[in-house]
Amino acid sequence: MAKKEEAPNMVERFAEFKELKNIDKTTMVSVLEESFRNVLAKMFGTDENLDVIMNPDKGDVQILQNLEVVPDGEVKDPNLEISLSDARADEDPDVEIGEEHTKEIFFEDFGRRAILNLRQTLQSKILDLQKEAIYAKYKELEGKLVSGEVYQTWSRETLLLDDDKNELLLPKSEAIPGDFFRKGETVLAVISNVDNKNNNPKITVSRVSDLFLRRLFEREVPEIHDGLITIRAVARIPGERAKIAVESYDDRIDPVGACVGVKGSRIHGIVRELRNENIDVINYTNNPSLFIQRALSPAKVSSIHIDEAEKKAEVFLHPDEVSLAIGKGGLNIKLASMLTGYVIDVYRESAETFDEDIYLDEFKDEIDGWVIDALKEIGCVTAKNVLNTPRQDLIDKADLEEDTVDNVIKVLKAEFEDEDDDESQVEEEG
């Protein structure tokens, strides 16, 4: 009796495994049936005349062997045929020659070796099933945030374990410079690649990917998560500095303010996670001139000339602003180029030229703010930028009325004429 309990117990153990690993019932039945069939085929030479009926709810299995009834003394293959007298003796008294007789066989009757063989086959298939499930799960999660506990660190990579003890690999090249992990520490990363070479899933995670920065903002800024604010571009030099361009589809929402949070509450958490990586958040615009100016922040641009065909931009700045535009180690201009997609060349304006020019913001008393904003949108941030731009371009590109443009030109010209008159008067008095 003890021997007959081994197979049902094994099915029950598989049912327990299924609960732990979230394997659905259909797959469980399929794997069990296939495992039984593989072992039975080796024992009988074929499984074509066998019906394997699984009952996972009860934890048992029924095996039926379908045999052809042949005259007594003419059985050539007992695995395929049964004599008439044996068939009638086996609770089938009305069976005739040429008909099929179904006989129930008990797997445990074949001995311990057969049961051991079945157990090994089943374990092998379960392992394959586990690997396929891990691959499928993480393949769907590529590009998503994941956390893992540090299990071991080597010179070239760190091994993390997720909540289900699945292995996640963080190569040194995908770690932020300055990352140092202790065993047991929880590490946050983004799933960068999942492959399944030779049915051996390999899950690689990254902390230097632009996606990592995006996902952190999505986690910390509800408006991004809810789709009210969109991340339009990201540029990043891991561990050093990053720029992120955001846009709001709701005029009532300030995208930069929402990302930074009250007193920097939202962005501080991200900066800490990135090992104090400085992050500039700017308003996105589809106007390349203005976008480049914003990307070069905190530097103030005097004028800009763009070559759309070559994707190049010549930026002119006051001498005091040049170092800000370039940034420490050239990081600011490099990130601005990465963010905008333009090759940016910085030029120093002469002090004399700059001193003679005036920022448009200085004319708010005479020119409406929305008009100044429209002009700045097309790259005209100073009075001379406007005066050096063809009148028709100001009308078309800034989408302003002719009268409005003429008024702006009149105000700006008057300012410089007044300055010239003052200088002439000083000379005459002298």
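Residues numbered from 1 in each chain as written. Predicted model: local features only at pLDDT ≥ 70, side-chain atom pairs only at ≥ 80, totals over all residues. Heavy atoms only, no water.

Novice: Go over the side chain of E81, please, and point to the residues and values.
Specialist: Its location among the elements puts E81 in strand β3 (residues 81–83). Summary of buried charges: E81 has no salt-bridge partner, and the nearest side chain of opposite charge, K76, is 6.6 Å away. Only 2.8 Å separates the side chain of E81 from the backbone nitrogen of K76, close enough to count as a polar contact. Those residues within four positions of E81 in sequence are excluded, and the remaining contacts are L67, E68, V70, E74, V75 and K76. (Helix = DSSP H or I, 4+ residues; strand = E, 2+ residues; numbered from the N terminus. Buried < 20%, exposed > 50% of the residue type's maximum accessible area, 1.4 Å probe, protein only. Lys, Arg positive; Asp, Glu negative; His and termini not counted. Salt bridge = Lys/Arg side-chain N within 4 Å of Asp/Glu carboxyl O. Polar contact = N/O pair within 3.5 Å; in protein donor to acceptor, adjacent residues only side chain to side chain. Contact = heavy atoms within 4.5 Å.)

Novice: So, a negative patch on the surface: which residues are in play, and what are the values?
Specialist: Judged by side-chain charge, D72, E74, D86, D90 and E91 come together as a negatively charged surface patch. Its place among the elements puts D86 in helix α3 (residues 84–89). (Patch = residues over 30% accessible without salt bridge, like charges linked within 9 Å, V, L, I, M, F, W, Y side chains within 5 Å. Areas by Shrake-Rupley, 256 points an atom, 1.4 Å probe, with all protein chains shown as cover. Charge placed at Lys NZ, Arg CZ, Asp CG, Glu CD.)

Novice: Give me the environment of L296: which residues, what numbers.
Specialist: Locating L296 in the fold gives a position in the loop between α9 (288–295) and β13 (301–307). In the structure, L296 is positioned 14 residues away from I282 in sequence and 9.9 Å away in space, judged by C-alpha atoms. Not counting residues up to four positions away in its chain, the partners in contact with L296 are V301, V315, A325, N332, I333, A336 and I344.

Novice: A description of the sheet that holds strand β10 (residues 229–237) should follow, citing residues and the corresponding values.
Specialist: With mixed pairing, three strands are arranged side by side in an open sheet as β10-β11-β12. Two strands lie at the open edges of the sheet, namely β10 and β12 (278–283), each paired on one side alone. Each strand of the sheet is rotated relative to its neighbour by a mean of 20°, with strand direction disregarded. Here strand β11 (residues 241–248) runs beside β12; their pairing, made up of six bridges, is parallel. Residue pairing across strands places I244 opposite V281, the latter belonging to β12. Here helix α5 (residues 210–220) sits on the sheet in contact with β10, β11 and β12, set at roughly 140° to β10. Here α9 sits on the sheet in contact with β11 and β12, set at roughly 155° to β12. (Pairing = 2+ DSSP bridges. Axes fitted to C-alpha atoms, helices over the stretch in contact; angles between N-to-C directions.)

Novice: Before we move on, could you go through the sheet that holds strand β14 (residues 312–317) and cite the residues and values that matter?
Specialist: Spatial strand order, β13-β14-β15: three strands in an open sheet with mixed pairing. Each edge of the open sheet carries a strand with a single partner, namely β13 and β15 (343–348). Each strand of the sheet is rotated relative to its neighbour by a mean of 20°, with strand direction disregarded. For β14 and β15, the ladder comprises six bridges, and the chain directions are parallel. Along β15, the bridge assignment pairs F316 with Y347.

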